[in-house]
Amino acid sequence: MNNVWQSDWSMMAPEWIVLAAAIVLLVIDLALPSDRSRRPLAWGAAAAAALAMIATAAMIPAEPASILHDTFRLDAFAKAFKLILLAGGALALLLVAEWEPKEGSPHRGEFAYMMLFALLGAMMVASSGDLLTLFVSLELLSVSSYILAGLRKTASASNEAALKYVINGGIATAIMLFGMSYVFGLTGATNLGDIARRLQETNEPYMLALAFLLLLIGVSFKLATVPFHMWAPDVYEGAPVPATAFFAVVSKTAGFVLLLRLLVTMFAAAPSEGREPSSLLLSMQPVITILAGLTMIIGSVVALRQRSLKRLLAYSSIAHAGYLLAGFAAMSWAMIDSLWMYLLVYTLMNIGAFAIIAHIVNETGSDDLDGLAGLYRHRPLLAAALGLFLLSLAGIPGTAGFIAKLYIFIGLVVTEPGHYVLAAVMAITTVISYVYYFNLIVQLFFRPTFTAPLGRLPAGLSTAVVLCALGTLAIGWAPGLAYDVLAQFGHFGDFLP
Amino acid sequence: MMNLAWIVPLFPLGSFILLLLFGQRWKQASAYVGIAATLLSLLLAFAVLVDRLGGSTYEANWTWMTLGDVTLTAGISVTALNAWMLVVVALVSWLVHVYSQGYMAGDERFSTFYAYLGLFTFAMLGLVLSPNLLQAYIFWELVGLGSFLLIGFYFYKEEAKAAAKKAFIMTRIGDVGFFIGMMLLFWQTNSFDYDDIFRAVGDGTLSPGMTMLAAILIFIGAIGKSGQFPLHTWLPDAMEGPTPVSALIHAATMVAAGVYLVAALFPLYEASHAAMMTVAAIGGVTAIFAATIGLVQTDIKRVLAYSTISQLGYMMLALGAGSYVAAIFHLTTHAFFKALLFLAAGSVIHAVHTQNIEEMGGLWRRLPWTAPLFLIGALSISGVPLFAGFFSKDEILAAAWTNGPRLLFWLAVAAALLTSFYMFRLFFLVFAGKARRHEDAHEAPASMVAPMLVLGVLSIASGYMQTPWFGSFLGEWLTDGTYHHEAAPGWIAVIATVVSLAGILLAWLMYGAQKMPRDWLSARVPYIDELLRRHYYIDDIYRFTVVALVSFISRLLAYVDRFLVEGLARLAAGIVGAAASAGSRGQNGQVQTYGAVTVSGLAILVVIFALTGGYWL
Amino acid sequence: MTFLSLLVFSPLLGIVLLMFVRKTDAKMIQWLGTAATVPPLILALFAFIQSGRGFRLEQLDEARDWVRLTDLPFLTDTAYVIRYELGIDGLSLVFIVLTAVLATLAAVASMLVKTEKKGFFLWLLALEIGMLGVFAAANFVWFFLFLEVTLVAMFFLVGKWGGFERERAAYGYLLYNGLGSALLLVVIAVLIARTGTANFALLHEMLHNPVAQGQWIAPLTEEGRRWLLGGLLLAFAVKLPAVPLHRWLIRVHVEAPPPVVMLHAGVLLKIAAYGMIRFGVGLFPDEFRAFAGAIAVFGVINVLYGALLALRQRELKHVLAYSSVSHMGVVLIGLGALNEAGIQGAVFQSVAHGLISALSFLLVGVLAHRMGTTDINRLGGLAKAMPLFSGYLLTAALALLGLPGMAGFVGEFTSFLGLFQTKPALAAAGALGLIFAAVYSLKAILDITFGRACDRQEAVVGWRDPQVSAASLGELQGGVVDLQAKEAVPAFILVALIVAVGVYPQLLAAPLDAVVETMMNGLGG
Amino acid sequence: MTLSAYLALALILFCIGLYGALTKRNTVIVLICIELMLNAVNINFVAFAKYGAHPGVRGHVFALFAIAVAAAEAAVGLAALIAFYRSRKTVQVDEANSLKH
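Cut-offs and rules
Residues numbered from 1 in each chain as written. Chains lettered and ligands numbered in written order. Predicted model: local features only at pLDDT ≥ 70, side-chain atom pairs only at ≥ 80, totals over all residues. Heavy atoms only, no water. UniProt positions renumbered as here; feature names shortened; annotations may be inferred. Helix = DSSP H or I, 4+ residues; strand = E, 2+ residues; numbered from the N terminus. pLDDT = per-residue confidence, 0-100. Contact = heavy atoms within 4.5 Å. Core = buried A, V, L, I, M, F, W, Y, C linked by side-chain atoms within 4.5 Å. Buried < 20%, exposed > 50% of the residue type's maximum accessible area, 1.4 Å probe, protein only. Salt bridge = Lys/Arg side-chain N within 4 Å of Asp/Glu carboxyl O. Polar contact = N/O pair within 3.5 Å; in protein donor to acceptor, adjacent residues only side chain to side chain. Nonpolar A, V, L, I, M, F, W, Y, C, P; charged D, E, K, R; others polar. Axes fitted to C-alpha atoms, helices over the stretch in contact; angles between N-to-C directions. Parallel < 35°, antiparallel > 145°, perpendicular 65-115°, else oblique. Left-handed = near helix turned anticlockwise from the far one by under 90°. Lys, Arg positive; Asp, Glu negative; His and termini not counted. Buried area = accessible area lost by both parts, 1.4 Å probe.

Under the annotation held in an unreviewed UniProt entry, chain C carries the name NADH-quinone oxidoreductase subunit M and is attributed to Geobacillus jurassicus. On record in UniProt, under Sequence similarities (unreviewed entry), the comment for chain C is "Belongs to the complex I subunit 4 family."

Per an unreviewed UniProt entry, chain A carries the name NADH-quinone oxidoreductase subunit N and comes from Geobacillus jurassicus. For the record of chain A, the UniProt heading Sequence similarities (unreviewed entry) holds the text "Belongs to the complex I subunit 2 family." The annotation that UniProt attaches to chain A under Catalytic activity (unreviewed entry) is "a quinone + NADH + 5 H(+)(in) = a quinol + NAD(+) + 4 H(+)(out)".

S.K.: Help me understand the UniProt feature "domain: NADH:quinone oxidoreductase/Mrp antiporter transmembrane" (unreviewed entry) in chain C, please; the structure alone is not making it clear to me.
M.R.: Listed under "domain: NADH:quinone oxidoreductase/Mrp antiporter transmembrane" (unreviewed entry) in the UniProt record, and renumbered for this structure, are residues 137-427 of chain C. End C-alpha atoms of residues 137-427 of chain C are separated by 34 Å, and the span's content is 82% helix alongside 0% strand.

S.K.: Looking at this structure, how should I read the confidence of the model for chain C?
M.R.: Caution applies to low-pLDDT regions: their predicted coordinates should not be interpreted in detail. Residue and element names in this part refer to chain C. Taken residue by residue, chain C gives an average pLDDT of 87. The fraction at 70 or more is 94%. Low pLDDT, under 50, characterises residues 461-478; the stretch is placed with 37 contacts to residues that sit more than four places away or in other chains. Complex prediction metrics read pTM 0.92 and ipTM 0.90.

S.K.: How should I be thinking about the nonpolar core in this particular structure?
M.R.: Generally speaking, soluble globular proteins have nonpolar side chains that are buried together. Core analysis: the biggest nonpolar cluster contains 720 residues, and Leu262, Phe267 and Phe328 of chain A, Leu72 and Phe179 of chain B together with Phe143 and Phe413 of chain C have the highest contact counts within it. Here Phe328 of chain A is in contact with Leu259, Leu260, Val264, Leu281, Ile288, Met335 and Leu339 of chain A, once residues within four sequence places are set aside. Counting residues in hydrophobic clusters, the runner-up holds 8 residues, among them Met11, Ile67, Phe72 and Met124 of chain A.

S.K.: Where do I start with the interface of chain C and chain B in this structure?
M.R.: For interface size, the figure often reported is the accessible area lost on association. Contacts between the two partners involve 57 residues from chain C, matched on the other side by 50 residues from chain B. The interface formed by chain C and chain B includes 5 salt bridges. Residues Glu566 of chain B and Arg251 of chain C are paired through a salt bridge, measuring 2.4 Å at the closest nitrogen-oxygen approach. At the junction of chain C with chain B, the criterion picks out 16 residue pairs in polar contact (both at pLDDT 80 or more). Among the elements that make up the side of chain C that touches chain B, the one with the highest residue count is helix H20 (residues 424-449) of chain C (14 residues). Tallied by class, residues from the side of chain C that touches chain B come to 37 nonpolar, 10 polar and 10 charged.

S.K.: Quick question: what am I supposed to make of the environment of Arg22 of chain C here?
M.R.: Tracing the chain through its elements places Arg22 of chain C in the loop between helix H2 (11-19) and helix H3 (26-36). Between the C-alpha atoms of Arg22 of chain C and Met154 of chain C, which are 132 residues apart in sequence, the distance is 24 Å.

S.K.: Help me out: how do you make sense of the packing of helix H8 (residues 208-225) of chain B against helix H13 (residues 273-294) of chain B in this one?
M.R.: Helix packing for two helices is described by the angle between their axes and how far apart those axes are. Residues and elements named next belong to chain B. Axis separation between H8 and H13 bottoms out at 9 Å; the angle between their running directions is 20°. When the interaxial angle is binned, H8 and H13 end up roughly parallel. Remark: the crossing between H8 and H13 carries right-handed chirality. In contact with Met212, Ala215, Ile216, Phe219 and Ile223 of H8, H13 contributes Ala274, Ala275, Thr278, Val279 and Ile282.

S.K.: Would you take a moment to explain the side chain of Asp513 of chain C for this structure?
M.R.: Checked against the element boundaries, Asp513 of chain C lands in helix H24 (residues 506-523). For the buried Asp513 of chain C, which has no salt bridge, the nearest side chain bearing the opposite charge is Arg278 of chain C, at an N-O separation of 14 Å. Ignoring any residue separated from it by four or fewer positions in sequence, one finds Asp513 of chain C in contact with Thr66, Leu67 and Gly68 of chain B together with Gln344 of chain C.

S.K.: What's the story with the interface of chain D and chain A in this structure? I'm lost.
M.R.: Facing the 43 residues of chain D at the interface are 46 residues of chain A. Summed over both sides, the interface of chain D with chain A buries roughly 3600 Å², with 77% coming from carbon and sulfur. A per-residue breakdown of the area chain D buries against chain A is headed by Phe62, Glu73 and Leu99 of chain D, which together make up 20% of the total. Here chain D is connected to chain A by 1 salt bridge. Inspection of the region where chain D meets chain A yields 14 residue pairs in polar contact (both at pLDDT 80 or more). Elements represented by at least two residues in the side of chain D that touches chain A include exactly helix H1 (3-23), helix H2 (27-51) and helix H3 (58-88) of chain D.

S.K.: Help me out: how do you make sense of unusual backbone geometry in this one?
M.R.: Generally, phi is negative for residues other than glycine and the peptide bonds are trans, each holding for most cases. Pro417 of chain A follows Glu416 of chain A through a cis peptide bond whose omega is 0°. In this structure, Pro417 of chain A sits in the loop between helix H17 (400-414) and helix H18 (420-445). Residue Leu240 of chain C is joined to Pro241 of chain C through a cis peptide bond whose omega torsion reads -5°. Even without being a glycine, Met331 of chain A presents a positive backbone phi close to 50°. Here Met331 of chain A lies in the loop between helix H13 (309-330) and helix H14 (335-364). A relative accessible area of 16% means that Met331 of chain A is categorised as buried. Here the phi dihedral of Lys89 of chain D falls at roughly 60°; this positive angle occurs in a residue that is not glycine. The topology assignment puts Lys89 of chain D in the segment after H3.

S.K.: I'm lost on the packing of helix H14 (residues 285-312) of chain C against helix H15 (residues 316-337) of chain C in this one. Help?
M.R.: Residue and element names in this part refer to chain C. At their nearest, the axes of H14 and H15 sit 7 Å apart, and the two run at 160° to each other. One element, H14, and the other, H15, form an angle in the roughly antiparallel class. Helix-helix and strand crossings are classified by hand; for H14 and H15 the assignment is left-handed. Looking at the contact of H14 with H15 residue by residue, the class counts come to 18 nonpolar, 7 polar and no charged.

Here it is in structure tokens:
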């Protein structure tokens, strides 16, 4: 084993960039006079995330490798998902830059670097090869997120959101950690590869299954899927919009990364007590299927009754988590591919939508969906962009949302036997989701306006909106762009250690 | 000339199109377009007929549509029957075109009238030239269209609207029978061509059952179009149309199309005794049935309409009795004398501006041309010897005697009696007696009288085509010389003469000389009178059965549609909505509840796992 | 060749140009919007004429790389490659010509739309792209893509420019059709997943050639195929629509602006017929046989149900809506017959109903504009004041009831001809619909045009169409204006087409013949 | 002492913590109960490290990390609670219910 100092630290270049940026910003924030605007700090953070993204992209051709006793892995999976995390993070930071709550934004500097820390945690999750680093980086993400949720110190909704987030997050951490302790107990190892190997020889199926279920429930907190989805609407509603966008996108992506790293790596080959000799993961497929179905149904049905845009998107994100979980539940060869594609698209369309909602909240102080009424009349381009994101969220062809959803569908039915019920549930919930997405479109385009015209979109938001819109359209009409990138990762053949 | 027969219908079609496009501009001159077009048709039709006299037939087909390996064709065929009908139709049509110039003068939709006439003539000529059932069906419906348009010509009258609608729908009912029969024949023989169908009938490809079914179904079409019982009710109402239209369409040509159709398909019918009996029975019943109603009508045109129905029944009876020639013979003579009667009636209406015969009287002297011509028509239809109707009716009675059931023969005789009675009741009420009103009534212009004159001549002359004395020109010709006149008992002619004269005498006693009280019968059996005046309540029966049933089903379905179908959709939406509300309420803001939900989810999964031992589902 | 791309996307040029027109310049928008529908019309007619002269349509096929979903090593090079593929045959061509013609006429008829014309035309052109694309697509993914473009465009056109209940109608449209589409998407996903291709020709090959079946990525059992076909049929049954899935249609017909209904009834409903023929009969001929009986029964139910309900309606748009249900039943009857006549009949009926309903709704638009209402009870005797209009309306009614010599008859006749050869008793029951068709169309149209003239003020009291009311209320002070030349021209063109198809159906039969024959070979007889 | 005794203890402790976290009204108690759950996990780790199938030091290390993280979480939790208290003047967790439905 090589010495710490002989490790190839350049593999961690993206992480270093983000970490360095976070620390530098922290220092600057402390040093800067309090009357100076912190907006440049957020821009700097976004730039850092973008830089880290470039660094990650530059490493795509590299062979998979690991350092620090295999606790940090840089395989195709890590690179691919880091790209999405960084893209989501950078875009969310653009929202931070234009964050203007009505009580003023004295904590924008903190907002920027805390988000960078959270992003760092999410990136480390993607690269972790060890239960310990996985746990610690996850907690870095979580704890930073709690702070992000409560950043509007004087706003009671924000405080409440943070409190709820912490309490539920704590419970989730405890449950997951409890599961981890059983896995550790069965194998005595913390390295994921070692665990996987030793689990093959274990003869404690019940404890193993219990560990699996504990881990699954723990992870479902991050995913915001049934049964651990209920915190999401409250927290999304109470948190500042950029934080909400971050939770909906980066946190969720990190959750799926965790799901794959943790459950697939460890349990794909673990024995089970099923009818025929198969792996524990496969024997748990029905559970995941049911949870995915419930998530889709609850997310899309309850969204029908929402008036708050943030809350609505929270339920919508639950439904989307259900689609993603369905893609996972299918366990076809397209699983990771389809999740990556969906998460990429999901990031673009969600951040785009949140950027416009952020603008509306900034201008009107409310996120009621009436605020959208008649937007088309004064800000046709803005309305068109939001319409595009909503269509994409609804999975209408010609937008990125369709092509990603199609791939999930294909994954669902390519297995033998196919998951037709899940596909049907997904199809029906998609149609149910039309109701609330198109309800927003109706507000945007059909209804007369009640409120004063919105101001122009500030630079940060418009950058985010333009990037997301271009991405959504480009992937919708030329999905080859995204799939060619995906093909670079060689179907994550090096995923299992 | 026969290869040019396809041009015959095109002249009126051209007239229709031209008048539709330019009629508004040409106004009264439109008549000349129509008259010229039909005259050209008539001349060409004559030429074809003359050509046909040589004995050859002609048939030409063009591809109309290919359906895989089946090719449906459109074409023309000139057979004896077709050529004959062509001339009859073209002739009557031309005469009506001429007549209308006077009758319709001053109407603001004059050109439209001529356009519609052209359309109708086109369709009717096309119908008689059809070499196959499909084409016949197409033109069959198109003549219905012409009839519909012309009945509804006075569109602003509610009665005209209702009559037009009724005419179309009642005939449509029959047409569907035709449609189904035609389709069945195609199913069995893979062809619509008359020749192919006849061949299939001949070589037994078509089973007897199917033959009967198809024949009867097609006959339903004929029932509808020819106003046979029980689909006759539209025809009297159709008198809402202008009178020339009644003459052309609802007396001479279109209503006879049913007879023509059965005649054209005669080999099919001959193959099925049951079908023949159906035709005969319907014809016989209609003949007497309509004649009885005709007794009590007070509208001049309605009397004639019921008389038309009755006479068409005669023709059907002839066909059913197997005498194809008699049917066509009567069709021809009827076309002439009934057209004459209608045109004369039109002239009367033109003069007195009413159709109610109770308000007429003593017009003999005021209408010096019309009255005698009407008399000729009446004599002819009554079957008075030496007039055309006598010969054709005699032929039918003979056929009914030799081939049909006895009952039908006697029904026909009774109908003959009634016919002459109501025709002369009409004649005496209109022309005899004292003038009641209309001192200013005057004779119609020459353009109206001239066609009547021609028809008057034909109403006498046309009978001599087929007489016991001068040979059977028509029969020989229609059957390509294989016709042999079945010697009917001589007394039939005597009986026919006696009953017709008896009818006239009775009418004279009651209405001419007024020796007998008019309410002689109605006073004694008032319910019969009432029954007749209400047309046997047929319309009411329909209203309370078929119409009520359809509207009941329709209302039922409307409820199904609104409550069941829509209800299920709303139920689904309601369930989703209720679930949404429930889910939304479940989200109660209590963070500990959220945790509890999670933990119970976990607990459920663990318990299921523990119970099933990993055997999920 | 890029002919088809040009054909499908040429309205895009109009969309781009329209973006630069001022919102208030109604005249310019109308002119430009109409002009933008002309290029596809010219191209479509050109293709139609050329194919009539023996040009082989396969030469127009286009393919371009679009996306390769995965390049897993165990898959062949062509698996999961979805290409941008357009290609037409006689069947598609017929529908493309129909679309192009109706789109232009609908654009002309849109002059009666007064509010937000710019947006209206943008969506109308988008709708046209979608419709053209649906018929030109040679690939399931692109078919679906274009189908959803029409869905969104229709949602906007109905929801924004419709009557009082427009949003409800738009939602009904969206949800019913969305469900249909979602089901279709599942079927498409299964087909792609199992065979690795979305191309129609390749799919056909994969499904029928035993050698190709060896290349399947996952097996597709007999039962699985039946399920797929069932899903396809159900998806298209929603869009057709078949009773009892028709409620959305009624609302859309009533609420949508008439030019949009022209396209909706004229073309969009036909996508279902096209889909059933192309995918149902084309891809699953053997399985289709098992469904044929049920389809025919549903067809007859549709015919009678629609017709009987149309009898009761006193709102012209309702009558026409239920008559659409009835007429689409004839399409099902043709399909249920599953022979050459039947399938051609289904296509004929589709085209015929397309033309006829376009004519009807063109006139409905004019009527609503002039009288402010389409309530039959409030109208009457219009033939006096508007003779030309009434003539056209009567023509439409006659076409609707299937008068021979007009297109509707050809469709009905051919469909029934097909069914009579397989299920004569059922066909005879369906033929009763012909009677009801005569009753409801004449009842409605004669009550409007014939009889005593209505009091105009009285008629207007019931106006309910906010889009037309503003404009027409002003004109109401004056007398009623008959059909104007610019309105009469599209009506005349439609009548001419209806008569042309009715008199000489070979016009349509010729391009279809080869396609139908190939399908019949697939059916094995 | 056997492994299972420790495991049982940990499980009981975990359940007590969980019960408290879900039922106690005072937020401070709730946070303490969450700490209890995390400590149950630590018992598991240490027990496995000592008596498990593969004894070693990894379990101890993991427990140390878990303690550190738990402390961080508790700190943030209390900070959130203080902020909440400032705006609502209560520490009752069931009164944190303005965001719902």
